[in-house]
Amino acid sequence: MPINFRSKIDQKLLGYYFANPEAEHYLRELSRILSFNVSFLSRELKILTAKGIFISSKRGREIYFRINQKHPLYNEIRAIIKYIK
């Protein structure tokens, strides 16, 4: 399943993390930052994490997400996101 670059949630999510590659947030925090519903973000992050684009790590009760800078298509995805914006 490819990345849906036409999806507003994917554009905002990827745009935010490519602009802030060191950022690491848990779901509710990210929901406040991007102004998206937690359930929509959760679904997209699960998909993008399964594809290896995001990395998740559990700390206490929260799961933190960050962009996978070692993903083989990192630079290509970043270029597409810059072009879309």
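Residues numbered from 1 in each chain as written. Predicted model: local features only at pLDDT ≥ 70, side-chain atom pairs only at ≥ 80, totals over all residues. Heavy atoms only, no water.

Draft legend 1. Molecular detail of the packing of helix α1 (residues 8-19) against helix α4 (residues 74-84). Where α1 contacts α4, the axes come no closer than 10 Å and their chain directions differ by 115 degrees. With respect to α4, the element α1 is oriented roughly perpendicular. Handedness of the crossing formed by α1 with α4: left-handed. Of the residues in α4, those in contact with Q11, L14, G15 and F18 of α1 are Y74, I77, R78, I81 and I84. (Axes fitted to C-alpha atoms, helices over the stretch in contact; angles between N-to-C directions. Helix = DSSP H or I, 4+ residues; strand = E, 2+ residues; numbered from the N terminus. Parallel < 35°, antiparallel > 145°, perpendicular 65-115°, else oblique. Left-handed = near helix turned anticlockwise from the far one by under 90°. Contact = heavy atoms within 4.5 Å.)

Draft legend 2. Up close: α1. Counted at 1.5 Å a residue, the expected span for α1 with its 12 residues is 16 Å, and the 16 Å between its end C-alpha atoms agrees. In terms of burial, α1 is a largely internal element, 9 of the 12 residues being buried. Looking at the buried side of α1, the elements it contacts are β1 (25-26), α2 (27-34), α3 (38-50), β2 (54-59), β3 (62-67) and α4. (Expected span 1.5 Å × (residues − 1). Buried < 20%, exposed > 50% of the residue type's maximum accessible area, 1.4 Å probe, protein only.)

Draft legend 3. Main features of unusual backbone geometry. A positive phi angle, close to 60 degrees, is found at S35, a residue other than glycine. Its location among the elements puts S35 in the loop between α2 and α3.

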